Amino acid sequence: MQHVISVTVENKPGVLARIASMFARRDFNIHSLAVGPTEDPTRSRITMVVDGPEMEQIVKQLYKLVHTIKVVEHTPGEAIEREIMLVRVNADTLRRGEILEAANIFEAKAVDVGASTITFEVVGEPARLADFLEIMRTYGIVAQVKSGRIALAKDIKSPARKQKKTA
Amino acid sequence: MSQTITGADILIQALEREGVEVVFGVPGGAILKAYDSIFDSGIRHVLARHEQGAGHMASGYAHATGTTGVAFATSGPGATNLITPLADAYMDSIPVVAITAQVASASIGLDAFQEAHTWGISMPVTKHNYLVTDTSEISSTVHEAFHIAATGRPGPVLVDITKDALAGSIAWSGPSEIHLPGYKPSVKGHPKQVNAAIDMILASERPVLYAGGGIIRSEASEELRTFAEQQHLPVVTTLMARGAIPDSHELTLGMPGMHGSYTASTSMQKADLLIAVGARFDDRVTGDPQFFAPDARIIHVDVDPAEIGKIRTPDIPIVGDAKSVLTQLIDSGATALAHRPLPDRTPWFDQLAAWQRDYPLTYDQDPDGPIQQQYVIDELAKHSPPGTIVVAGVGQHQMWASQFWGFEEPKTWINSGGLGTMGYAVPAAIGAQQGRPDTMVLAIDGDGCFQMTFQELITAAVEGIPVKIAVMNNANLGMVRQWQRLFYNERYAGSELSATNPDVVMLAEAMGCAGFRAEHPDDVVPTIEKGLAVDDRPVVMEFVCDPDAMVFPMIKAGGSNDVIIMGPEDL
Ligand SMILES: Cc1ncc(C[n+]2csc(CCOP(=O)(O)OP(=O)(O)O)c2C)c(N)n1
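The shown structure was predicted, so the numbers you read here are calculated from the model rather than taken from an experiment. (Residues numbered from 1 in each chain as written. Chains lettered and ligands numbered in written order. Predicted model: local features only at pLDDT ≥ 70, side-chain atom pairs only at ≥ 80, totals over all residues. Heavy atoms only, no water.)

J.: Outline a nonpolar patch on the surface, listing residues and values.
T.: Together, A:L86, A:V111 and A:V145 make up an exposed nonpolar region whose accessible area comes to about 230 Å². Exposure remark for A:V145: the relative accessible area of 47% places this residue in the partly exposed category. (Patch = residues over 30% accessible without salt bridge, like charges linked within 9 Å, V, L, I, M, F, W, Y side chains within 5 Å. Areas by Shrake-Rupley, 256 points an atom, 1.4 Å probe, with all protein chains shown as cover. Salt bridge = Lys/Arg side-chain N within 4 Å of Asp/Glu carboxyl O. Buried < 20%, exposed > 50% of the residue type's maximum accessible area, 1.4 Å probe, protein only.)

Printed below as a string of structure tokens:
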């Protein structure tokens, strides 16, 4: 089972190394990881997708690191999750139209076109990226790279959410 | 008025501000500037003969005094030699601050002479660590390091400072504040949990109070004893908690686990409730956790939230410092007892007494046979003043010392529990003696362990640190030999030290210590008397012991604690 967690840390050199070292030492698995600055320049936010049953220990061990300020485990459906992906697909002239049509449905952008391949950029929820890959697999995937997931908990006070609740 | 000051002076002043009286270390190129500053300071520097020695000295000092120990090392090999003591202090939650020097910041990453990536190497064996490249950050970093080392769950912190940061000068504006927004250890337990714990204790017919090293670290012995007496709880003390409650106390059952007493281990197996305080369900205590204390509900008190539920999910978790939580438990317990009686635990205490009667810790000393280490330990205990601090190495002698010495006070038993570091005893004893000059410090060491760090004898002699060291010479890596005998068909691969171990008496004398040897049981007491009478030098007493003796009781590694081997007849 995969879990998505956001770890807010002090923006200090080596924080990522500390987290990676702790995961290695404790035999925890990181599926994906994305790091970036936040609204507060003294803080970074790390979004991690982690595997395994030891969530409680993972959260506690993260908190144990001196530079960790907050760890949030996202409940599925209660966070906005996004990922960016670049996929290079086999696309001979015969099937190009077909492929571009499929890409259109996923709002995938053709960002590079070669003699026999097209490279798409897809942004979205992880499930959508997975679906797109599934479709493209039939044509043949030459190369693929993903950014790692980023997530932000939904704003509980957002009007959209309120509506949902009363509905 | 603008004054300038060097990084090295800032460092030494920062140490003085933390109350540091002594540092243990070895100098070298990168750290010379700091040595130049310490030369004029009020801080004593003890020159170890190896940085591993310096690190264990700092840890022994911290153990014995309850304050933070400090070690110094230069860049590269100096720093890497400190890694074992840091790992050791990390496993046993000992507050140590290591100051290492790093090559100049402009040389970092260029494979400069004596460059090692100390920050990266030390990361997994420290509670926290720093690389300081800027003179202006030395003061606040040292302050943070001491704060982190000593608070919450204590542990080692390393501060690596570049040569240029030490040499640089800045306008001095005084010490700065620490800023650790992510570091807020809990102290007090949740009152609701505390009350729930008391309810559970008052409903228990077969409780055991499982006291760990956290009791010693948080100086909670008084509270432990008061609480045990108030709630009428038998107490087991782990290897790290020996002395947390006097061994002579009627509620004390001794040490549980792999080489624990039958009663201590079995009490946990049969308990309906374990109250773990400052203990971490270590595999040497639990055996296979699947079979550990199967009928027991668990109350787990620990200052480190990550320890709670790591091995065994508790029924009542309480995050907090042992001393504070025990105080809360005592208060809540007193309130509850005002209108509720203690349950009748007579059958439980009768059962415990029967086990203690039927399965005591014993040994036989044949008057003409080889010397048994237990006999030596017994006699050492009889001849040593009350409050003597005992320091052990790792192996059979360590287990026997823990089993047969009666510990009456906290901080009188110092050993390497979590990491099991051979070579710990001699330097740790020196550190302990330096911190507690008026108390006798006695190392009980194995001949194998002794040969890992005996170079520090000269440190003790030269620095006037009069430790006593008993070397149990069984001409073998005894604990390894025991395992090979029991589990490897008596194939003694690599465990025999030659029968002509170095002449320990000559070696002691060469190192400026007094040396004595006992080869026959009749020599044991006279040797101890001679050794303990010397007070102007460190003393090494060698006891030539039975190479074939084995430590019992024994629970196989990874086995069930229900299966306790009481002696060779059970094999
Ligand atoms: C640094 C280190 N290396 C190896 C070991 C493995 N080991 C554990 S006990 C032991 C034997 C210790 O021998 P000795 O000091 O003679 O003590 P004895 O068991 O004979 O009392 C060894 C080699 C260890 N604990 N530490």
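J.: Describe the sheet that holds strand β4 (residues 68-74) of chain A, with residues and values.
T.: Strands belonging to one sheet form pairs held by backbone hydrogen bonds; the direction of such a pair is parallel or antiparallel. Residue and element names in this part refer to chain A. On the basis of which strands lie adjacent, the open sheet formed by four strands has the order β2-β3-β1-β4 and antiparallel pairing. Two strands close off the open sheet at either side, each with one partner strand: β2 (29-37) and β4. Strand-to-strand twist of the sheet, defined as the mean angle between neighbouring strand axes without regard to direction, takes the value 20°. Sheet topology places β2 next to strand β3 (residues 43-51); eight bridges connect them, and they run antiparallel. Bridging across to β3, A34 finds its partner in T47. (Pairing = 2+ DSSP bridges. Helix = DSSP H or I, 4+ residues; strand = E, 2+ residues; numbered from the N terminus. Axes fitted to C-alpha atoms, helices over the stretch in contact; angles between N-to-C directions.)

J.: Can you explain the domain arrangement of chain B? Please cite residues and give values.
T.: All names here are of chain B. Along its sequence, chain B is organised into domain 1 (3-172), domain 2 (191-358) and domain 3 (373-552). Between the C-alpha centres of domain 1 and domain 3 there is a distance of 30 Å. Counting residues at the interface gives 25 residues for domain 1 and 29 residues for domain 3. Across the domain 1 to domain 3 interface the summed buried area is about 2,000 Å²; carbon plus sulfur atoms make up 59%. Applying the counting rule to domain 1 against domain 3 returns one salt bridge. Of the charged contacts, one joins R44 and E463 as a salt bridge, the two residues approaching to 2.9 Å between their closest N and O atoms. Here domain 1 is connected to domain 3 by eleven residue pairs in polar contact (both at pLDDT 80 or more). Elements with a minimum of two residues in the side of domain 1 that touches domain 3: β2 (22-25), β3 (44-47), α3 (51-65) and α5 (83-91). If one sorts the elements of the side of domain 1 that touches domain 3 by residue count, α3 sits on top with ten residues. (Domains from an automatic or database assignment. Contact = heavy atoms within 4.5 Å. Buried area = accessible area lost by both parts, 1.4 Å probe. Polar contact = N/O pair within 3.5 Å; in protein donor to acceptor, adjacent residues only side chain to side chain.)

J.: So what's going on with the environment of A:P13? Residues and values would help.
T.: Locating A:P13 in the fold gives a position in the loop between β1 (2-10) and α1 (15-25). Note: C-alpha distance between A:P13 and A:V72 (59 residues apart in sequence) is 22 Å.

J.: An account of the site of the ligand is needed here, citing residue identities and associated values.
T.: Residue and element names in this part refer to chain B. Taken together, 17 residues lie around the ligand, and H397, D447, C449, G478 and M479 are the ones closest in. Within the backbone of M422, a nitrogen or oxygen atom sits 3.4 Å from a nitrogen atom of the ligand. G448 has a polar backbone atom sitting 2.9 Å from an oxygen atom of the ligand. Relative to its unbound accessible surface of 580 Å², the ligand loses 76% to contact with the protein. Listing elements by their share of the shell around the ligand, those giving two or more residues are α17 (396-404), α19 (447-453) and α21 (478-487). The residue inventory of the shell around the ligand, partitioned by class, reads seven nonpolar, nine polar and one charged. (Near = heavy atom within 4 Å. Nonpolar A, V, L, I, M, F, W, Y, C, P; charged D, E, K, R; others polar.)

J.: How would you summarise the environment of B:V235 if you had to cite specific residues and measurements?
T.: All names here are of chain B. Within the secondary structure layout, V235 lies in strand β10 (residues 235-237). Its relative accessible area of 0% is what places V235 among the buried residues. Along the backbone, V235 and A264 are 29 residues apart, and their C-alpha atoms lie at a distance of 8.3 Å. Setting aside residues no more than four positions away along its own chain, V235 makes contact with L209, A211, L224, A228, I245, L251, T252, L253 and G254.

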